[in-house]
Amino acid sequence: MGPQSQIMVLFGASGDLARRKILPALYNLAHDALLPERFAVVGYARSDGDDASFRDQARDAVRQFSRRPLDEERWRRFARLLFYVPGSYDDPGGFGALHERLARVDEQDGTGGRRLYYCATPPAVFPTIVRRLDESGPHPDARIVLEKPIGRDLTSARSLQDGVRAVFDERQVFRIDHYLGKETVQNILVFRFANPLIEQIWDRQAIDHVQVTVAEPIGLEGRGSYYDNAGALRDMVQNHLLQVLSLLTMERPGSLADEAIRDAKSMLLGTVRPLAPEDVVRGQYTWGVVEGHEAPAYRDEPGVAGSSTTETYAAVRAWVDNERWGGVPFLLRAGKRLPRRTTEVVAQLRDTSTLEQLFTETGAERRCNSVALQLQPEPGITVDFRAKQPGHGVSVQTVSMHFSYGAAFMVEPPEAYERLIADAMAGDRTLFVREDEVERAWEIVAPVLEVPGPAFPYPAGTWGPSAADGLLPPGRKWHLR
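Each chain has its residues counted from 1, running along the sequence as written. A pLDDT threshold of at least 70 governs which residues receive local features in this predicted model, and a stricter bar of 80 or more applies before side-chain atom pairs are shown or counted, although totals over entire chains, interfaces and linings include all residues. By convention in this description, side-chain values take in all heavy atoms of the structure and omit both hydrogens and water.

Can you help me understand the overall build of the chain in this one?
Under the DSSP-based scheme used, a helix requires at least four consecutive residues in state H or I and a strand at least two consecutive residues in state E, with every element numbered from the N terminus. Of regular secondary structure, the chain possesses 15 helices and 18 strands. Taken over the C-alpha trace, the chain has a radius of gyration of 24 Å; the compact-globule value for 481 residues is 23 Å, and the two agree within 12%. Dimensions along the principal axes, computed over C-alpha positions, put the chain at roughly 80 × 50 × 45 Å. Residue exposure (1.4 Å probe, protein chains only): buried if accessible area is under 20% of the type maximum, exposed if over 50%, otherwise partly exposed. The 481 residues of the chain split such that 53% are buried. Residues are treated as being in contact if the distance between any of their heavy atoms lies within 4.5 Å. Taking contacts inside the chain between residues at least 6 apart in sequence as the whole, the part at least 24 apart equals 77%. Within these notes, the globule rule equals 2.2 Å times the number of residues to the 0.38 power, and the radius of gyration is based on C-alpha atoms.

Below, the structure written as structure tokens:
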């Protein structure tokens, strides 16, 4: 059975997130017949416009950002689902016009009065939207989707969540972290718990340390004002990286039910030690060359203060204080203007061999066994192991065995937003972040947000400041495949 009939109310319908992600995702869901049988999208934003202009905007968005080319017949069927109401978020009259339009669409299309309110606006607007919705009466058949960041610190996150809780039950709230919608991130659980080969070595007895890298060659893409008030710790570490860490280290859930998985993640985050200043290295990019193109210094980007100390790179050493992981460092790093786009997890195994006594290893660098999960851009799994070189004598060399999702399944996975929107429409909360997870993540990063350290300069097109090397265990290096 598919999701129930409903209307998605898209706040921020004329914004960049709607254009790049949400509207193309909805088109692809329609292409795959995954939308409810009776469904409509009513966009709401400050920009002037009407149904026709909103459909034109959506068409351009699909043509530019959809993973599939625009199909004219499918587009015509999808476009009939799109409507638009202009209005301000702090104007009760605008919301009155919105609710009148929703009632007419309900009557016309038989959507049953059910709502999916999607807040694709800056987070500062969330409280106003929730307050206006509260003024229109109870919403027992509604759900609300909130984009990250949920606050900018623990106090503001709690304040926001108190406001949302006054109108919606927790079961109605869907907090999006789009990393959780990526097929390869979801596969972490299958990789761990469906393979005894992996689960039996997935602990401190076998693993020396774990590295998680999220590298972006891009800069701010017009988000200078937002980013200069956020930085890499708030924008990436507090949400994406801690969510990936929880999937990598959580205990086996009792089932695949949404609350069982979220319980396991929450329990794990409760064992993550709050970050200490000595476990964090910040960086800020200067002028350089990225992928063959000159890149300006961060302080020269539009919207950025000329004396800004905001970090565009953060590397942290996290500790999980439980029986499975005690003593294993987790090295998490994320940055902008790095050499290439990649998201990768590398578990480096402990070297307990008697290699020196038995064999001679060739190659410039000796490497023990490791398991690497490439999450993007080319999803796959790579295992490094030692093998005998051909020829006389017994000399070993580290080699790689690689699995590619694309080559194995020959299917293009859906975009993260397609999966997340479909789940929100169906009421499946598995891939959404619960209130206690949000608050615990802010508690983990709070000590280093309250006492900001220096942001070391690094040229654009490099892998960040060399000071981050000091976070690694002695004799280890950052993994760069």
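Having put the structure on the table, let's press on.
So what exactly am I meant to see when it comes to the pairing of strand β11 (residues 313–319) here?
Looking down a regular strand, the side chains alternate between one sheet face and the other. Burial within β11 is extensive, with seven of its seven residues counted as buried. Of the two faces of β11, the one holding Tyr313, Ala315, Arg317 and Trp319 and the one holding Ala314, Val316 and Ala318 are both buried throughout. The rule for pairing is simple: two strands pair if DSSP sees at least two bridges between them. In terms of strand pairing, β11 meets strand β12 (residues 329–335) through seven bridges, oriented antiparallel. Its bridge partner being in β12, Val316 is matched across the sheet by Leu332.

Is there a simple way to explain the packing of aromatic side chains in this structure?
By convention here, two paired aromatic rings are described through the distance between centres and the angle between planes. Ring pairs shown here join Phe, Tyr and Trp side chains whose ring centres sit within 6.5 Å, with only the six-membered ring taken for Trp; geometry is labelled stacked below 30 degrees between planes, edge-to-face above 60, and tilted in between. Following the criterion strictly, the structure yields 21 aromatic pairs and no others. Judged by centre distance (6.5 Å) and plane angle (45 degrees), the rings of Tyr27 and Trp75 are tilted. Linking Tyr27 in helix α1 (residues 16–31) with Trp75 in helix α3 (residues 72–79), this pair joins segments that are 48 residues apart in sequence. Trp75 carries the same exposure label as Tyr27, and that label is buried. For the ring pair Phe174 and Phe432, a centre distance of 5.1 Å and an interplane angle of 85 degrees mean the geometry is edge-to-face. Of the two residues, Phe174 sits in strand β6 (residues 173–176) while Phe432 sits in the loop between α14 (416–426) and α15 (435–450), which places them 258 residues apart along the sequence. Using a relative accessible area of 0% as the deciding quantity, one classes Phe432 as buried. Grouped by ring-pair contacts, the aromatic residues Phe11, Tyr44, Tyr89, Phe95 and Tyr117 constitute a single cluster. Here the basic side chain of Arg55 rests over the ring of Phe83, its NZ or CZ set 5.4 Å away from the ring centre. For a Lys NZ or an Arg CZ to count as sitting over a ring, it must be within 6 Å of the ring centre and within 35 degrees of the ring normal.

What should I look at first to understand the environment of Asn187 in this one?
Structurally, Asn187 is set in helix α7 (residues 183–193). The class for Asn187 is buried, based on a relative accessible area of 18%. Taking the C-alpha atoms as reference points, Asn187 and Leu247, separated by 60 residues in sequence, lie 9.7 Å from one another. Beyond its immediate stretch of four places on either side in the chain, Asn187 contacts Ile381 and Tyr405.

Explain the packing of helix α4 (residues 92–109) against helix α5 (residues 126–135) here, please?
The relative placement of two packed helices is expressed as an angle between their axes plus a distance between the axes. Simply put, an axis is a line fit to the C-alpha atoms, just over the touching stretch for a helix, and the angle between two N-to-C directions goes from 0 to 180 degrees. Where α4 meets α5, the axes come as close as 10 Å, and the angle between the chain directions of the two elements is 60 degrees. Relative to α5, the element α4 lies oblique. Between α4 and α5 the crossing geometry is right-handed. Residues Pro92, Phe95 and His99 of α4 touch α5, and the partners they reach there are Ile129, Arg132 and Leu133. Residue type decides the class: Asp, Glu, Lys and Arg count as charged, Ala, Val, Leu, Ile, Met, Phe, Trp, Tyr, Cys and Pro as nonpolar, and the leftover types, Gly among them, as polar. Looking at the contact of α4 with α5 residue by residue, the class counts come to four nonpolar, one polar and one charged. Each angle gets one of four labels, with under 35 degrees taken as roughly parallel, over 145 as roughly antiparallel, 65 to 115 as roughly perpendicular, and the rest as oblique. Crossing chirality is assigned from the near helix's rotation relative to the far helix, an anticlockwise turn below a right angle marking it left-handed and a clockwise turn marking it right-handed.

Hey, could you run me through unusual backbone geometry in this one?
In terms of backbone geometry, most residues other than glycine have negative phi values and most peptide bonds are trans. The amide bond that connects Lys148 to the next residue, Pro149, takes the cis arrangement and shows omega of 5 degrees. The omega torsion of the bond from Gln376 to Pro377 falls at 5 degrees, within 30 degrees of zero and hence cis. Mapped onto the secondary structure, Pro377 falls in the loop between β15 (370–376) and β16 (380–388). In the Ramachandran plot, Glu221 falls in the positive-phi region, its phi being about 50 degrees despite a non-glycine side chain. Within the element layout of this structure, Glu221 appears in the loop between β7 (207–215) and α9 (224–228). With phi around 55 degrees, Met410 is a residue other than glycine that occupies positive phi space. Among the structural elements, Met410 can be located in the loop between α13 (405–409) and α14.

Mind showing me how you'd approach the environment of Ser308 here?
Take Ser308: it is sitting in the loop between β10 (293–295) and β11. Among the residues examined, Ser308 registers a relative accessible area of 5% and is labelled buried. Ser308 sits 202 residues away from Asp106 along the chain, and the two C-alpha atoms are 49 Å apart. With residues up to four places along the chain from it excluded, the contact list for Ser308 reads Asp228, Gln284, Tyr298 and Arg299. In terms of polar contacts, Ser308 uses its side chain to reach the side chain of Asp228, at 2.5 Å. In protein, a polar contact requires one atom able to donate a hydrogen and another able to accept it; more generally it is a pair of N or O atoms within 3.5 Å, and residues adjacent in sequence count only if both atoms are side-chain atoms.

I tried to follow the pairing of strand β17 (residues 395–404) on my own but got confused; where do I start?
With nine bridges joining them, β16 and β17 adopt antiparallel strand pairing. Looking across to β17, one finds that Val383 is bridged to Met401. In this structure, the hairpin formed by β16 and β17 is closed by a connection of six residues, where Gly391 is found at a positive phi of approximately 125 degrees.

What is the right way to look at the pattern of salt bridges in this model?
For salt bridges, the criterion is a side-chain nitrogen of Lys or Arg within 4 Å of an Asp or Glu carboxyl oxygen. Per the stated rule, a full pass over the model turns up 40 salt bridges. Put simply, Arg350 and Asp208 hold a salt bridge, and the shortest N to O gap is 3.8 Å. Taken together, the residues span a long stretch of sequence, with Arg350 in the loop between β13 (342–349) and α12 (355–358) and Asp208 in strand β7 at a distance of 142 residues. Residue classification places Asp208 among the buried positions, given a relative accessible area of 9%.

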